[in-house]
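Structural characterization, general
Each chain, letter by letter, is given below.
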Amino acid sequence: MCIAADLSVSLASAGLLVSLYALSITLGTPIFSALTGSLPRRELAIGLMVVFTACNLCAALAPGYGTLLLSRIVMAVAHGVFFGVGAACATSLVSRSRSGGAVAVMMGGLTIAMVIGVPLGSWIGQLFNWRTPFFIVAGMGTVAVISLIRLLPHEIRYQAPAPFLMQLSLLGNRRLATMYLVTAIGFGSSFVVFTFLSPLLTDVTGVRQETVNIALLLFGAATVVGNLSGGMLSGALGTRKAMLLLLCGLIISFALIPVAVHNEAAIFATITVWGVFAFAIPPVMQAGVVAAAQQVAPDALATASGFNIAAFNLGISSGSFLGGVLLRDAGLLTTPYASIAMAAGAFLIVAFALQPQPAITNAKAK
């Protein structure tokens, strides 16, 4: 609302700043991951962070809506490609048995940003103005650039990329395509409910708005635990077994929401457990995708990771969209049942379509 008023645009146009960001990650990440596949990993990671930081600064200083929208689109693509490159870098810097943990640490920042940073940024924007969060992120991006320059090894192993069209053909690989589908449906299931968690707590549970922030902090802390646990599970059990376990926990968590939602302590406990299971999924799937790509397309690891980042964002936007439809047509309390259906669908895909593949040893992707 602040952006719409300040830049004299409609609320619908202001909403495009969010939806086009997710769409830009979904469409732009795999394409630009493929196009930049021949560039040295260290220089590419640093360059992407510079672009991301510059875009946030441009957004903070944007004189009009067009500049802000363009900054968000470029920012989104840099964001998506960076995490795809980062996952490939993380696994190249450790032994194969530790690849899941390495990806978990790398994805931990994304987890914290999504669950804690987004509501915190919204609160700061309301407290000051909508430009302030962009300035803060630009400052944090500057710190990240300096850290990458100082800490990232000068020599990062990576294989020369395949031709562009061959990299895009990864979507035709049955195992990778199945994993991308599991990522989108399994991770996206949480966002049917999470997108509307605040009104669920205030309108149904009856908590105050200030207490909602406590719930979000609990969820955020749980996601950090889940992210680190996912890395360990990936290394100990392999992708397939870890995902079956996590999706079972996720389904149970969603099923508890309608039961616990009328009691503050019960719903807070459920939210905490849900956060652990939901955000253990990203490191498991990212490590599994990298492991599979090392077997079937070792010269397109960044692109394979980029497709998975795109799948995460597709799941977020799809889950949020489905939640919005249900909110409008059927009510808040129907959202957990849609989440159950999506998580159950992901479970069945893992159980019957993602069969064990002993040849893939990295992270024991079974």
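Refer to the preceding data block for the structure.
Quantities reported herein were computed from a predicted structural model and do not represent experimental measurements.

1. Comments concerning the overall build of the protein chain
On a plain count of helices and strands, the protein chain comes out with 15 helices and 0 strands. Pairs at least 24 residues apart make up 83% of the contacts formed inside the protein chain by residues separated by at least 6 positions. Here the protein chain has roughly 15600 Å² of accessible surface; of this, 72% comes from carbon and sulfur atoms.

2. Structural notes on the environment of Ile-267
Mapped onto the secondary structure, Ile-267 falls in helix H12 (residues 264-278). Separated by 10 residues in the primary sequence, Ile-267 and Ile-257 have C-alpha atoms spaced 6.6 Å apart. Residue contacts for Ile-267: discarding those within four places in its chain leaves Leu-201, Thr-205, Ile-257, Ala-260 and Val-261.

3. Considerations on the packing of aromatic side chains
Across all of its chains, the model carries 13 aromatic pairs by this definition. Each ring, one from Phe-187 and one from Phe-279, has its centre 5.2 Å from the other, and the planes form 85°; the classification is edge-to-face. Of this pair, Phe-187 sits in helix H8 (residues 174-194) while Phe-279 sits in the loop between H12 and helix H13 (281-296); the two residues are 92 residues apart in sequence, bridging distant segments of the chain. Both residues of the pair, Phe-187 and Phe-279, belong to the buried class. Where Phe-191 meets Phe-279, the ring centres are 6.5 Å apart and the plane angle is 65°; that geometry is what we call edge-to-face. Taken together, the residues span a long stretch of sequence, with Phe-191 in helix H8 and Phe-279 in the loop between H12 and H13 at a distance of 88 residues.

4. Side note on the packing of helix H10 (residues 209-237) against H12
A pair of packed helices is characterised by two quantities: the angle between their axes and the separation of those axes. It is the contact of H10 with H12, at a shortest axis distance of 7 Å, that shows an interaxial angle of 30°. The angle between H10 and H12 falls in the class roughly parallel. In the packing of H10 onto H12, the handedness of the crossing is right-handed. Residue-level contacts link Thr-211, Ile-214, Ala-215, Leu-218, Phe-219, Ala-222, Thr-223, Val-225 and Gly-226 of H10 to Glu-264, Phe-268, Ile-271, Thr-272, Trp-274, Gly-275 and Val-276 of H12.

5. Comments concerning a nonpolar patch on the surface
On the surface, Leu-120, Trp-123, Leu-127 and Phe-128 cluster together into a nonpolar patch covering about 460 Å² of accessible area. One can find Leu-120 in helix H5 (residues 99-127). The exposure class of Leu-120 is partly exposed, given its relative accessible area of 44%.

6. Structural notes on the nonpolar core
Ranked by internal contacts, the top residues of the largest apolar core, which has 98 residues, are Leu-68, Met-243 and Trp-274. At 15 residues, helix H4 (residues 65-92) tops the list of elements feeding residues into this core. Residue contacts for Leu-68: discarding those within four places in its chain leaves Ile-3, Leu-7, Leu-17, Ala-59, Ala-62, Trp-130 and Phe-134.

7. Section: the state of the cysteines
Using the criterion set out here, one finds 0 disulfides in the structure. Of all cysteine sulfurs in the structure, the one in Cys-58 sits closest to Cys-55, which takes part in no disulfide; the separation is 6.1 Å. Since its relative accessible area comes to 42%, Cys-58 is described here as partly exposed.

8. Points about H10
Along its 29 residues, H10 runs 40 Å from first to last C-alpha, staying within 8% of the 42 Å computed at 1.5 Å per residue. Where H10 ends, the next residue or the one after it, Gly-238, has phi of about 90°, a positive value.

9. Quick look at H8
For H8, with 21 residues, the first-to-last C-alpha span of 30 Å sits near the 30 Å given by 1.5 Å per residue. Where H8 bends most, the angle comes to about 30°, and this point is Gly-188. Among the 21 residues that make up H8, 17 are buried, leaving the element largely enclosed by the rest of the structure. The residue sitting at the N-terminus of H8 and contributing the capping side-chain oxygen is Asn-173; that oxygen lies 3.2 Å from the backbone nitrogen of Arg-175.

10. Notes on the pattern of salt bridges
In total, this model carries 2 salt bridges according to the counting rule given. Here Arg-131 ties to Asp-6 by a salt bridge, and the two come within 3.7 Å at their closest N and O atoms. Within this pair, whereas Arg-131 is found in helix H6 (residues 131-151), its partner Asp-6 is found in helix H1 (residues 2-7), the two being separated by 125 residues in sequence. Owing to a relative accessible area of 43%, Asp-6 belongs among the partly exposed residues under this scheme. Arg-328 is paired through a salt bridge with Asp-329; the nearest N and O atoms lie 3.1 Å apart.

What counts and how
Residues numbered from 1 in each chain as written. Predicted model: local features only at pLDDT ≥ 70, side-chain atom pairs only at ≥ 80, totals over all residues. Heavy atoms only, no water. Helix = DSSP H or I, 4+ residues; strand = E, 2+ residues; numbered from the N terminus. Contact = heavy atoms within 4.5 Å. Areas by Shrake-Rupley, 256 points an atom, 1.4 Å probe, with all protein chains shown as cover. Phe/Tyr/Trp six-rings, centres within 6.5 Å; stacked < 30°, edge-to-face > 60°. Buried < 20%, exposed > 50% of the residue type's maximum accessible area, 1.4 Å probe, protein only. Axes fitted to C-alpha atoms, helices over the stretch in contact; angles between N-to-C directions. Parallel < 35°, antiparallel > 145°, perpendicular 65-115°, else oblique. Left-handed = near helix turned anticlockwise from the far one by under 90°. Patch = residues over 30% accessible without salt bridge, like charges linked within 9 Å, V, L, I, M, F, W, Y side chains within 5 Å. Salt bridge = Lys/Arg side-chain N within 4 Å of Asp/Glu carboxyl O. Core = buried A, V, L, I, M, F, W, Y, C linked by side-chain atoms within 4.5 Å. Disulfide = S-S within 2.5 Å. Expected span 1.5 Å × (residues − 1). Bend = angle between axes of the 7 residues up to and from the residue. Polar contact = N/O pair within 3.5 Å; in protein donor to acceptor, adjacent residues only side chain to side chain.

None of this, on its own, says anything about what the molecule does.
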